[in-house]
Amino acid sequence: ASGFAAKLEDNVRWQGLRGLHYGNRLIYELLTWAKLRKDADLRYRIAAARVNAGEAVLDLCAGPGRFASFLPAGCTYESVEASPAFSVDLARRGIKNTALDLHAGFDMNGRRFDTAVMLISLYQFRQTSAETLLERLKGAARRIVIVEDVLVEARAADSWFSRTVDFLCAQDYY
C-alpha cells in the first residue's frame, strides 16, 4: 500500500483482524448473505428503526458502512472501524471514519452523538473489553443500539457449511 492507504494502515495498530471478509467489501457482503440469506439486512432494519430522522449516528465496528444506507432522512453518519481495507474503502466513498482498535480503548474526544450503534460485533469483545467499551459508549451517545445474532435453531457445528463460514469469518478467533 502507498500514500493514504499506507498512512492509514500505520495508524491502525491492531493486527488481530483475521478472516477473509475483513479485507474486501464484496467478500464480506457475499459471506454475510451466505450465512444469513434472506435475513442479511435484518440487523440494519432493526437498528434503523431506532434512529430518528436528522440524528447524528456513530456506527462502531462499521465494516463496509452499509448501515448508512438504511438510516432515516437527514441523519449524519460516522463510522469506527479497525480494518485497514474497510477504512480505506469508507474514505474512498466519502464516509467519515475513525480507524480505531476498540479493544485498545474508545475515545471520541468529547464528541457526542444522538445514537451509537454496534451491529453483530459486541461478541468480539466478550473476552477483552466489553464492559469498558459499553461504559465509554454511554459517554459518546444519548442512545445506544446493539443488535446481535440470536440463532433460533443452531446450525450443526460439524456441518461443512458451518466450518467453512466460521473459518472464513474467523468467528472463533476472539
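(A) Highlighting the environment of S129. Looking at the secondary structure, you find S129 in the loop between β4 (113-119) and α5 (130-140). What S129 contacts, discounting residues up to four positions off in sequence, is L102 and H103.

(B) Structural context of helix α2 (residues 25-36). Look at α2: 16 Å from first C-alpha to last across twelve residues, which is about the 16 Å you get at 1.5 Å a residue. Where α2 is concerned, the buried positions are Y28, L31, T32, A34 and L36. Note on α2: the residue one or two positions beyond its end, R37, has a positive phi of about 45 degrees.

(C) Representation of the confidence of the model for the protein in the model. Per-residue confidence for the protein averages 78 on the pLDDT scale, and 71% of its residues sit at or above 70. For the protein, helix α1 (residues 4-11) is the element with the lowest average pLDDT, namely 46, and strand β1 (residues 56-60) is the one with the highest, namely 96. Every residue in residues 4-17 is under pLDDT 50, and counting partners more than four places away or in other chains gives 24 contacts. Taken together, the stretch residues 170-174 has pLDDT below 50 and engages in 18 contacts with residues farther than four places along the chain or on a different chain.

(D) Fine view of the pattern of salt bridges. This model, assessed by the stated rule, comprises nine salt bridges. With its nearest N and O atoms 3.9 Å apart, the salt bridge here joins E78 to K96. Placement of the pair is E78 in strand β2 (residues 76-81) and K96 in strand β3 (residues 96-99), with a sequence separation of 18 residues. In this structure, R92 and D89 form a salt bridge, with 3.9 Å as the shortest nitrogen-oxygen distance. Here R92 pairs with D89, and both are found in helix α4 (residues 84-92), just three residues apart, close to one helical turn. When its relative accessible area of 63% is taken as the criterion, R92 is described as exposed. The network of salt bridges with shared partners includes E55, D114, R142 and R143.

Cut-offs applied
Residues numbered from 1 in each chain as written. Predicted model: local features only at pLDDT ≥ 70, side-chain atom pairs only at ≥ 80, totals over all residues. Heavy atoms only, no water. Helix = DSSP H or I, 4+ residues; strand = E, 2+ residues; numbered from the N terminus. Contact = heavy atoms within 4.5 Å. Expected span 1.5 Å × (residues − 1). Buried < 20%, exposed > 50% of the residue type's maximum accessible area, 1.4 Å probe, protein only. pLDDT = per-residue confidence, 0-100. Salt bridge = Lys/Arg side-chain N within 4 Å of Asp/Glu carboxyl O.

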